[in-house]
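Understanding the architecture of this molecule
Single-letter residue listing:
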Number of protein chains: 2
Amino acid sequence: MARWEPGAPERLQQAALELFASRGFEQTTATDIAQSVGLTERTFFRHFSDKREVLFGGQEVVVQAFLDGVESAPPGTSPIEIVASALRSATAVFPDDRRSTSRLRQSVIDRNPALRERERHKLASIATAVADALRARGVGEVAATLAAESGVTVFGLAFAQWIREGEQRSLTEIAAAVLRELLALTGEAAASLGSP
Amino acid sequence: MARWEPGAPERLQQAALELFASRGFEQTTATDIAQSVGLTERTFFRHFSDKREVLFGGQEVVVQAFLDGVESAPPGTSPIEIVASALRSATAVFPDDRRSTSRLRQSVIDRNPALRERERHKLASIATAVADALRARGVGEVAATLAAESGVTVFGLAFAQWIREGEQRSLTEIAAAVLRELLALTGEAAASLGSP
């Protein structure tokens, strides 16, 4: 029965995105997706536990990339520099040939409040995982959360910029620029508000 | 019919928190809450549209306080200093006599995933409102989001610290300290990562 379908997950993912984008997420069933590329519903569920997984299935890879970036920073690296390393690692998961798929995926998420909620939850989980990894490296409680949340905010903003029509820079370049903007912003304020 | 009940909303809120904390949020009905302070379900629904509103009803006040703080910063103030002003304004909504109620409320939220989700959504809405207000003051697109998200992260961390057992400092003091920690963290990194 379980015939091997070469490239089935990728074909299902691409078909799902196109159907979600044209018909709407709620109006598209797993069967619709499978049939549109000549596969069965059974094949769909062999690869994805549900319809949402087509959109959020790659989450562990992104989380792991963030954590690998935290891990690979040499001892003695400051919390924000560790986050910079995590951002370089996580953004490398999205090379430019994923840009148009990412753009389509985001347009589907942005139009559905439940999917936006789920995305917010996923980003919050990344921040929690990064903060835990920072604390495991000896970064203080509050500093770890601040650094991790900043990293996820930078990632989110960079991602939104990366998928804009006409944007040419890589996600890695954009994230580095957004992080520099954050540092410039806070640096400007540190002088007048004072550091501890 | 609609007898005026002096202090009814406050009594209902306090009773609700105690019941949510002892029995659990899901296990407590609006009728339970009303009856526990000798009021009717009808009175409950005159003051709150649903059970969750008892927990999240004050949201507009907090958002408005953030926006008032943005508004009251003098022209030419840097984005992070505007956020510092917003934090002073928002934290003033929580004087120390609200600390024990806030602690009880948070313990209810922390034990219920749906309530945690709603809280995350509320915080995200505050960040969006603050970012919009910053943009209306001429702060750039990316800088506005970075500054607003940082402000909300600082608020959340300060709030969690404020309701810890034994904490004596005011929420305003804690938020100022957390913001200084963020500035110190980023200042440390700015030197090695470089500003644009």
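Residues numbered from 1 in each chain as written. Chains lettered and ligands numbered in written order. Predicted model: local features only at pLDDT ≥ 70, side-chain atom pairs only at ≥ 80, totals over all residues. Heavy atoms only, no water.

Looking at an unreviewed UniProt entry, one finds chain A named TetR family transcriptional regulator, with Amycolatopsis pigmentata as its source organism.

Turning our attention to the overall build of chain A. The helix and strand inventory of chain A stands at 10 helices and zero strands. Each helix and strand of chain A, placed in order from N terminus to C terminus, yields the pattern α-α-α-α-α-α-α-α-α-α. On the principal axes, the C-alpha backbone points of chain A span a range of 65 × 35 × 25 Å. Expressed as a percentage of its 196 residues, the buried residues of chain A come to 48%. Relative to all contacts within chain A whose residues are 6 or more apart in sequence, the contacts with residues 24 or more apart total 64%. (Helix = DSSP H or I, 4+ residues; strand = E, 2+ residues; numbered from the N terminus. Buried < 20%, exposed > 50% of the residue type's maximum accessible area, 1.4 Å probe, protein only. Contact = heavy atoms within 4.5 Å.)

So, about the UniProt feature "DNA-binding region" (unreviewed entry) in chain A. Under the UniProt annotation, "DNA-binding region" (unreviewed entry) lies at residues 29-48 of chain A. In the segment residues 29-48 of chain A, helix accounts for 70% and strand for 0%; the C-alpha atoms at its two ends are 13 Å apart. (UniProt positions renumbered as here; feature names shortened; annotations may be inferred.)

Taking 1.5 Å per residue as the helical rise, helix α6 (residues 79-91) of chain B with its 13 residues ought to reach 18 Å, and the 18 Å between its terminal C-alpha atoms agrees with that figure. Among the 13 residues of α6(B), 10 are classified as buried, and the element is accordingly described as predominantly covered. (Expected span 1.5 Å × (residues − 1).)

Here we take up the packing of helix α5 (residues 59-72) of chain A against helix α6 (residues 79-91) of chain A. All names here are of chain A. With their axes 7 Å apart at the nearest point, α5 and α6 run at an angle of 135° to one another. By the criterion of interaxial angle, the relationship of α5 to α6 is oblique. Crossing geometry of α5 relative to α6 is assigned as right-handed. Residues Ala65, Phe66, Asp68, Gly69, Val70 and Ser72 of α5 form the contact with α6, whose own contacting residues are Ile82, Ser85, Ala86, Leu87, Ser89 and Ala90. Partitioning the contact of α5 with α6 into residue classes produces seven nonpolar, four polar and one charged. (Axes fitted to C-alpha atoms, helices over the stretch in contact; angles between N-to-C directions. Parallel < 35°, antiparallel > 145°, perpendicular 65-115°, else oblique. Left-handed = near helix turned anticlockwise from the far one by under 90°. Nonpolar A, V, L, I, M, F, W, Y, C, P; charged D, E, K, R; others polar.)

What follows is about the interface of chain A and chain B. In this assembly, 36 residues from chain A lie in contact with 36 residues from chain B. Around 3,300 Å² of area is buried between chain A and chain B when both sides are counted, 74% of it from carbon and sulfur atoms. Counting across the chain A and chain B interface gives zero salt bridges. Viewed at the interface, chain B and chain A are joined by five residue pairs in polar contact (both at pLDDT 80 or more). If you list the elements that add at least two residues to the side of chain A that touches chain B, you get α6, α8 (113-136), α9 (141-162) and α10 (171-193) of chain A. Among the elements that take part in the side of chain A that touches chain B, α10(A) stands out by supplying 14 residues, more than any other. Looking at the side of chain A that touches chain B residue by residue, the classes come out as 20 nonpolar, nine polar and seven charged. (Buried area = accessible area lost by both parts, 1.4 Å probe. Salt bridge = Lys/Arg side-chain N within 4 Å of Asp/Glu carboxyl O. Polar contact = N/O pair within 3.5 Å; in protein donor to acceptor, adjacent residues only side chain to side chain.)

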